[in-house]
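# Structure at a glance
Okay, here's what each chain looks like letter by letter:
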Amino acid sequence: MQGAEMEGSNNNSGKQKPLPKVRELFKNQRKESEGSMESPNLEFEYGDSDTLMAELSELYSYTEEPEFGLNRDCFEEDFRSQVKQKKWTELDLSEQKAYVMRLLDALEVTNRDKRLKVARAILYLAQGVFDECDSELDVLHWSRHNIFLLYDMGTFTALLELLSMEIDNNQACSSAVRKPAISLADSTELRVLLSIMYLMVEIIRLETEEETPEWKTARETFRTELGSQLYNGEPFALLLFTMVTKFCSMNAPHFPMKKVLLLLWKTVLFTLGGFEELQELKVKRREKLHLPALPEDSIKVVRSMRAASPPASAMELIEQQQQQRRGRRSRRPLVKQDSLDTYNERDPFKNDEARDEEEDNDDADSGIEGEVDPLDRDVIIQPPPPPPPLRPPTERLSFPKGLPWAPKVREKDIEHFLETSRNKFIGFTLGNDTETLVGLPRPIHESVKTLKQHKYVSIAEVQIKREDELQQCPMTMGEEEVEEMPTEILYVGMLSNLSQYVIALLKLLLAAAPTSKAKTDSINILADVLPEEMPVTVLQSMKLGIDVNRHKEIIVKAISALLLLLLKHFKLNHIYQFEYVSQHLVFANCIPLILKFFNQNIMSYISAKNSIYMLDFPHCVVHELPELTAESLEAGDSNQFCWRNLFSCINLLRILNKLTKWKHSRTMMLVVFKSAPILKRALKVKQAMMQLYVLKLLKIQTKYLGRQWRKSNMKTMSAIYQKVRHRLNDDWAYGNDIDARPWDFQAEECALRESIEKFNCRRYDKNPNGEFSPVDNCLQSVLGQRVELPEDFRYSYEIWLEREVFSQPIRWEELLHPE
């Protein structure tokens, strides 16, 4: 066979000469168009939100730019009528308080136009009186100062009353419904109010070095107020959820949805806490339940991970096939097919850059995803010696040795392992007994010892066990004491309309997704970005196009972050609250929606430049704007990725992980919707956190994808091994023991739904005629009660007595056998 290959290569030598050039061309194209494997990791730090400057700029659309000057003019007109000589920044605190009090009094006038002018003056103060500032930092400084002053004077409560009035303004709603085209002008009052409230929530939420004790106290007070039932008997977030559902039901198409969603997200983030607060809360909750400490801090582990090389592209596969046809392997030692896994499984501790270099140098290895040509499956090349490391040894020492995650084992896994072992060696089982090891061989003892060393009991397992006890023994266990935390208050408020909230958020996510096609019956999310007069020049059209794309991206960012926060907080508060929200998301087709979102050129989405730096707030109000040209629209942004888009992608992947983890029915949805190729394309993004959540989603479905898929995707399998946490008993890489059959899936969801309904009824159903309401079993009082009988009963009571009493035999023996 070798001779034939050599002969073939000699005979075709005339045709093969240009191939090295073609291969070099393919490599160059790959590096330019897809981002080479040698491209650096994306320097992205995942967090609760972007920088304050970026978050403030995303509040405003570029079409709102003229309104900055309008806000300033409204303030100056009113301020000059009160203070003649001084500027706002020159007033002392008492004078500033007196002026703000006068503005708040003026907010209560009945004239709508006057009220709007006062609201604009307050918005200008919240924006940092930018006309008196020289730099962007000055604007932020005065914005923070003014906002704490506004909060101290009770501005937020006054704005809330006005917002409630605008929401209930039926005349504005009916007028907007009848309009053929809605623009910025239809939501002016709402946008001004929501902008002030957003600035207050966002700036008070963030701590800075220039904090005063009064500001810290104000922050905690504001946080408590927003999360409690002080506003109309419900938390503030519920009012915003109501706005979302009203908009999606087409009853209020003029609502500025982007501002509502941003404010809703930041309100939930402020009142419930971000990812680091969640981690701290989880540690405290485990201590309270007397559970062992967490094996590691997941946030720190993920931040220290490095991205892996993405799977092979189509260019690499073409290149590999050409090399195979040329028979270059014949010059290297032969290895049996058995060593395929060993060969493909890279050293997990090897430097990533060195691995990338090896892949480019070793042409035969560049297509592991394509795997071996069917004609040559009995042989495979051995890898060449590794090249010298690209980093100096001192730098390599900073990377952690070993796998990043401590392995975990569930109690259920240990029980399953012992049940299998006892059946095999003894012939009978002992139920859930994990202590008795009599009759089992020594290696089984060692295995059980290792499993118990890595046993991890989650808070969710403790909560489920406690709930089962409360359901089985409601009288002896007594009533459960539920702490009135902000998460609990929010869940109780959302409970009655949860499905509407979830469906509304997913409708908005679908409308904002770049893969969605515009439909005539879909909701219009562009009401608060389209100007009254549509653009007439090419430049104006370009600017509006960028603005519309940016608008959609911000909506996706807000919804993805909001849903993830709700899922994480509800899961920590009680597992069945999380499961209830999860089921609503699954039933509302959240899984196919997220997969539809990722079924695009994800690299293009992440590197999209839908922003105009010079028009971003506060840059646009401090510096003089040059004349807009096609070049200046693209100037100023040198980042290799868009922060908000990468943030949104990671959030959506995390949501998908939360919905599918330990749920075989939902994992099968991933398989049925052919998610594997979609997710594999997402691995092209060289960012460790995003790759981790993609690999987790691929890991849970590998056992269902078949042996051939695993065989032809060994590079992906190797990346899963290196980056995803190991479950010691998990047979994910082989799929020999598929522990759920298709016919079990419906039963699994139904059983979960039944458990959720029992939990909600037990804890939140306040019906006095419930199952465990008091029963009067005193004979005298029962017989003494007057019972209202139908009018015709006295004419037929003798027949009733004969049928229901005298003719029915009394079975006394049944009293001895209670059920």
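Since the structure is predicted, the reported quantities are computational estimates derived from the model, not experimental observations.

Check the secondary structure of the protein and you find 41 helices and 0 strands. Expressed as a percentage of its 819 residues, the buried residues of the protein come to 49%. Sequence separation of 24 or more characterises 80% of the internal contacts of the protein that already satisfy a separation of 6 or more. Of the roughly 42200 Å² that the protein leaves accessible, carbon and sulfur atoms contribute 53%.

Right, let's get into a negative patch on the surface. On the surface, a cluster of negative charge is contributed by E207, E220, E277 and E280. Position of E277 relative to the elements: it lies in helix α15 (residues 275-288).

Turning our attention to helix α36 (residues 688-705). Relative to the 26 Å expected for 18 residues at 1.5 Å per residue, α36 spans 24 Å between its end C-alpha atoms, a close match to the ideal helical length. At K699, α36 is bent by approximately 30 degrees, the largest bend along its length. For α36, the tally of buried residues reaches 15 of 18 residues, placing the bulk of the element in the interior. A side-chain oxygen of the first residue of α36 lies 3.0 Å from the backbone nitrogen of M689; this N-cap is Q687. In the stretch just after α36, G706 is the one whose phi turns positive, near 95 degrees.

To continue, consider the nonpolar core. Membership of the largest hydrophobic core comes to 191 residues, with the highest contact counts inside it found for W88, F236, L508, F598 and M690. In terms of residue count, the dominant contributor to this core is helix α27 (residues 538-573) (16 residues). Membership of the second largest hydrophobic core comes to 8 residues, among which are V409, L437, L440 and I444.

With respect to the element layout, E749 can be found in helix α39 (residues 745-764). A polar side-chain atom of E749 sits 2.9 Å from a polar atom in the side chain of Q583. Residues contacting E749, with those up to four places away along its chain left out, are Q583, S665 and R666.

Let's shift gears to the packing of aromatic side chains. Applying the stated criterion to the full structure yields 31 aromatic pairs. Consider the rings of F68 and F130, whose centres lie 6.3 Å apart with planes at 90 degrees: the pair is edge-to-face. One end of the pair, F68, is in helix α5 (residues 66-82); the other, F130, is in the loop between α7 (112-126) and α8 (136-152), and 62 residues separate them in sequence. Side by side, F68 and F130 carry an identical accessibility label, which is buried. Seen in terms of ring centroids, Y491 and Y764 are 5.6 Å apart; in terms of plane orientation they differ by 50 degrees. Their pairing is tilted. Taken as a pair, Y491 in helix α25 (residues 486-495) and Y764 in helix α39 lie far apart in primary sequence, 273 residues in all. Under the relative-accessibility criterion, Y491 is labelled buried at 1%. Overall, Y764 belongs to the buried group, its relative accessible area being 15%. Among the aromatic side chains, those forming a connected cluster through ring pairs are Y60, F68, F75, F79, W88, Y99, Y124, F130 and F617. The cationic tip of K266 hangs over the ring face of W265; the distance from NZ or CZ to the ring centre is 4.5 Å.

The residue S61 is located in the loop between α4 (52-57) and α5 in this model. Side-chain polar atoms of S61 contact the side chain of K258, separated by 3.5 Å.

In this structure the tally under the stated criterion is 41 salt bridges. The partner of E480 in a salt bridge is R763, with the nearest N and O atoms 3.1 Å apart. With E480 in the loop between α24 (474-477) and α25 and R763 in helix α39, the pair connects residues that are 283 residues apart, well separated along the chain. A salt bridge links D616 to R550; its shortest N-O distance comes to 3.9 Å. Of this pair, D616 sits in the loop between α30 (602-606) and α31 (619-622) while R550 sits in helix α27; the two residues are 66 residues apart in sequence, bridging distant segments of the chain.

Our focus in this paragraph is the packing of helix α33 (residues 643-660) against helix α34 (residues 664-672). At a minimum axis distance of 8 Å, the contact between α33 and α34 shows a crossing angle of 130 degrees. In this view, α33 runs oblique relative to α34, as classed from their interaxial angle. Contacts between α33 and α34 involve L656, L659 and T660 from the first element and R666, T667 and L670 from the second. Residue classes in the contact of α33 with α34 are distributed as 3 nonpolar, 2 polar and 1 charged.

Here the focus is α5. For α5, which comprises 17 residues, the first-to-last C-alpha distance of 25 Å matches the rise-based estimate of 24 Å (1.5 Å per residue) to within 8%. The complete set of buried residues in α5 reads E67, F68, G69, N71, C74, F75, D78 and F79. Residues of α5 that are buried make contact with α6 (93-106), α7, α11 (188-205) and α31.

The subject of this paragraph is unusual backbone geometry. The step from F617 to P618 runs through a cis peptide bond, and the omega angle for that step is 5 degrees. One can find P618 in the loop between α30 and α31. Here H290, not a glycine, exhibits a phi torsion of approximately 60 degrees, which is positive. Within the secondary structure layout, H290 lies in the loop between α15 and α16 (298-304). Since its relative accessible area comes to 73%, H290 is described here as exposed.

To continue, consider a nonpolar patch on the surface. Taken together, the side chains of F425, I426, F428 and L430 make up a nonpolar region of the molecular surface, amounting to roughly 350 Å² of accessible area. By the secondary structure assignment, I426 is in the loop between α21 (411-425) and α22 (442-453). Classification of I426 by relative accessible area gives partly exposed; the value is 31%.

Taken over all residues, the pLDDT of the protein has a mean of 81, while the share at 70 or more is 81%. A low-confidence stretch, residues 1-39 stays under pLDDT 50, and its non-local contacts, those more than four residues away or across chains, total 51 contacts. Considering only residues more than four positions removed or in separate chains, one finds that residues 329-400, a stretch of pLDDT under 50, has 142 contacts.

Next up on the list: the state of the cysteines. Linking two cysteines covalently via their sulfur atoms produces the bond known as a disulfide. Counted according to the given criterion, the structure contains 0 disulfides. Looking at C642, it has no disulfide partner, and the nearest cysteine sulfur is the one in C649, 9.5 Å off.

Moving on: the environment of I720. Structurally, I720 is set in helix α38 (residues 714-723). Classification of I720 as buried rests on a relative accessible area of 1%. Measuring from C-alpha to C-alpha, the distance between I720 and V694 comes to 9.3 Å, with 26 residues separating the pair along the chain. Leave out the neighbours within four places in its chain, and I720 touches L695, L698, K699, T702 and W732.

How each quantity is defined
Residues numbered from 1 in each chain as written. Predicted model: local features only at pLDDT ≥ 70, side-chain atom pairs only at ≥ 80, totals over all residues. Heavy atoms only, no water. Helix = DSSP H or I, 4+ residues; strand = E, 2+ residues; numbered from the N terminus. Buried < 20%, exposed > 50% of the residue type's maximum accessible area, 1.4 Å probe, protein only. Contact = heavy atoms within 4.5 Å. Areas by Shrake-Rupley, 256 points an atom, 1.4 Å probe, with all protein chains shown as cover. Patch = residues over 30% accessible without salt bridge, like charges linked within 9 Å, V, L, I, M, F, W, Y side chains within 5 Å. Salt bridge = Lys/Arg side-chain N within 4 Å of Asp/Glu carboxyl O. Lys, Arg positive; Asp, Glu negative; His and termini not counted. Charge placed at Lys NZ, Arg CZ, Asp CG, Glu CD. Expected span 1.5 Å × (residues − 1). Bend = angle between axes of the 7 residues up to and from the residue. Polar contact = N/O pair within 3.5 Å; in protein donor to acceptor, adjacent residues only side chain to side chain. Core = buried A, V, L, I, M, F, W, Y, C linked by side-chain atoms within 4.5 Å. Phe/Tyr/Trp six-rings, centres within 6.5 Å; stacked < 30°, edge-to-face > 60°. Lys NZ or Arg CZ within 6 Å of the ring centre and 35° of its normal. Axes fitted to C-alpha atoms, helices over the stretch in contact; angles between N-to-C directions. Parallel < 35°, antiparallel > 145°, perpendicular 65-115°, else oblique. Nonpolar A, V, L, I, M, F, W, Y, C, P; charged D, E, K, R; others polar. pLDDT = per-residue confidence, 0-100. Disulfide = S-S within 2.5 Å.

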